[in-house]
Amino acid sequence: MAKPLIVGRKEFAKIYNVAPTAVSDRWIPAGILSYEDAVIVSGKPFWPGGLAVDFALPPGSRGRQLDEKLLAELEKEQQATVRPMKKGELPPLVGLQEYGALFKISQHMAANARNRGGGMLPAEDYLLSGSPLWLLDTVLEAAESTMEKSRGGVWQLQQDVVDALREGRYDGPGSVITKRGKAAASES
């Protein structure tokens, strides 16, 4: 299976040699980049790699210049073999919040299982912008083992969540970007 190149906010900034805050504080508000082009996983945006590569301005112009060396390093790190252009071309992705929904547990239980090690969760397929991400297929391949290793059989795979993730209609925990800081305080 071809593994897609995916970039989070930090990876996007890295391949363009800008501060990670440039993505969310400058490019998004200015309409240069949109969350609409990203998949939202565990409340964070992740963009298809091809879109990120095509974001560059023509060589020699001022502004967004793609660092080909850093891009190659990122592709090697991810073992990515394809550069999808649209979020609909990405396979279903699972973060810790979606992991919780998939097994009807809390995000904290999923995070603890990952941090504890011991093989209850498979190794993540990506570590993007500090967040672990799995391909849904990776999670499902390990699901039987995960449920067997859960204490008292607490972890139970929820087929409706699997179907929603596969069909692109998941709207559970982690499916939207939650506002933080001043933006969150001003809404309360």
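Our subject is the structure that appears above.
Now for a quick tour of the structure.

Parameters and conventions
- The numbers attached to residues start from 1 for each chain and follow its sequence in the written order.
- Local features in this predicted model are restricted to residues whose pLDDT is 70 or higher, and side-chain atom pairs enter the listing and the counts only when it is 80 or higher, whereas totals over whole chains, interfaces and linings include all residues.
- Each side-chain value is derived from all of the structure's non-hydrogen atoms; neither hydrogens nor water enter the calculation.
- Counting from the N terminus, the helices are DSSP H or I runs at least four residues long and the strands are E runs at least two residues long.
- Between the two quantities, the radius of gyration covers C-alpha atoms and the globule rule is 2.2 Å times the number of residues to the power 0.38.
- The buried label goes to any residue with under 20% of its type's maximum accessible area, the exposed label to any with over 50%, and the partly exposed label to all in between, with areas taken from a 1.4 Å probe on protein chains only.
- Each accessible area is a Shrake-Rupley estimate made with a 1.4 Å probe; only the visible protein chains count as cover when residues are assessed.
- A positive count includes Lys and Arg, and a negative count includes Asp and Glu. His and the chain ends are not counted in either.
- Taken as the charge location is NZ of Lys, CZ of Arg, CG of Asp or CD of Glu.
- What is meant by a nonpolar core is a set of buried Ala, Val, Leu, Ile, Met, Phe, Trp, Tyr and Cys residues, joined one to another through side-chain atoms within 4.5 Å.
- The contact rule is simple, with two residues in contact once any of their heavy atoms fall within 4.5 Å.
- Interaxial angle, 0 to 180 degrees, is taken between N-to-C directions of lines fitted to C-alpha atoms, where a helix line uses only the stretch in contact.
- Oblique is the label for any angle not covered by the other classes, which are roughly parallel (under 35 degrees), roughly antiparallel (over 145) and roughly perpendicular (65 to 115).
- Two helices that cross are described as forming a left-handed crossing if the nearer one is turned anticlockwise from the farther one by less than a right angle, and a right-handed crossing if clockwise.
- Each residue is assigned to one class: nonpolar for Ala, Val, Leu, Ile, Met, Phe, Trp, Tyr, Cys and Pro, charged for Asp, Glu, Lys and Arg, and polar for all the others, Gly among them.
- Pairs of N or O atoms are called polar contacts if they sit within 3.5 Å, as long as, within protein, a hydrogen donor faces a hydrogen acceptor (for residues adjacent in sequence, only side-chain-to-side-chain pairs).
- By arc we mean the arc of the directions from the helix axis to the C-beta atoms, nothing more.

The number of helices and strands found in the protein chain is 9 helices and 6 strands. On C-alpha atoms alone, the protein chain measures out to a radius of gyration of 17 Å, which is about the 16 Å that the 2.2 N^0.38 rule sets for 188 residues. Along the first, second and third principal axes, the C-alpha atoms of the protein chain reach 60 × 45 × 30 Å. Evaluated residue by residue, the protein chain yields a buried proportion of 44% over its 188 residues. Summed over all atoms, the accessible surface of the protein chain reaches about 10300 Å², with 51% contributed by carbon and sulfur. Between the mean site of the 23 positive side-chain charges and the mean site of the 23 negative ones, the protein chain shows a separation of 7 Å.

Counting 22 residues, the largest nonpolar core has Val-94, Tyr-99, Leu-102, Phe-103 and Trp-155 as its most contacted members. Looking at this core, the elements with two or more residues in it are helix 5 (96-103), helix 6 (107-116), helix 7 (136-149) and helix 8 (159-166). The greatest single-element share of this core, amounting to 5 residues, is contributed by helix 5. Beyond its immediate stretch of four places on either side in the chain, Tyr-99 contacts Val-94, Ile-105, Ala-110, Leu-121, Pro-122, Trp-134, Val-139 and Trp-155.

The next subject is the packing of helix 5 against helix 7. Contact geometry of helix 5 with helix 7 gives a least axis separation of 12 Å together with a crossing angle of 50°. Between helix 5 and helix 7, the angle falls in the class oblique. Crossing of helix 5 over helix 7 shows right-handed handedness. On helix 7, the residues that touch Tyr-99, Leu-102 and Phe-103 of helix 5 are Leu-136, Val-139, Ala-143, Thr-146 and Met-147. Looking at side-chain class alone, the contact of helix 5 with helix 7 contains 7 nonpolar, 1 polar and no charged residues.

With respect to the secondary-structure elements, Ser-175 resides in the loop between helix 8 and helix 9 (181-187). Polar side-chain contacts of Ser-175 include one of 2.7 Å to the backbone oxygen of Gly-172. What Ser-175 contacts, discounting residues up to four positions off in sequence, is Ile-40, Glu-98 and Tyr-170.

Quick look at helix 6 now. Within helix 6 the residues assigned to the buried category are Ala-110, Ala-111 and Ala-113. Burial along helix 6 is one-sided: seen end-on, the buried residues are contained in an arc of 160°. What points out from helix 6, more than 90 degrees from its buried face, is the exposed set His-108, Asn-115 and Arg-116. Its buried side turned inward, helix 6 meets helix 5. Looking at the residues trailing helix 6, positive phi occurs at Gly-117, about 75°.

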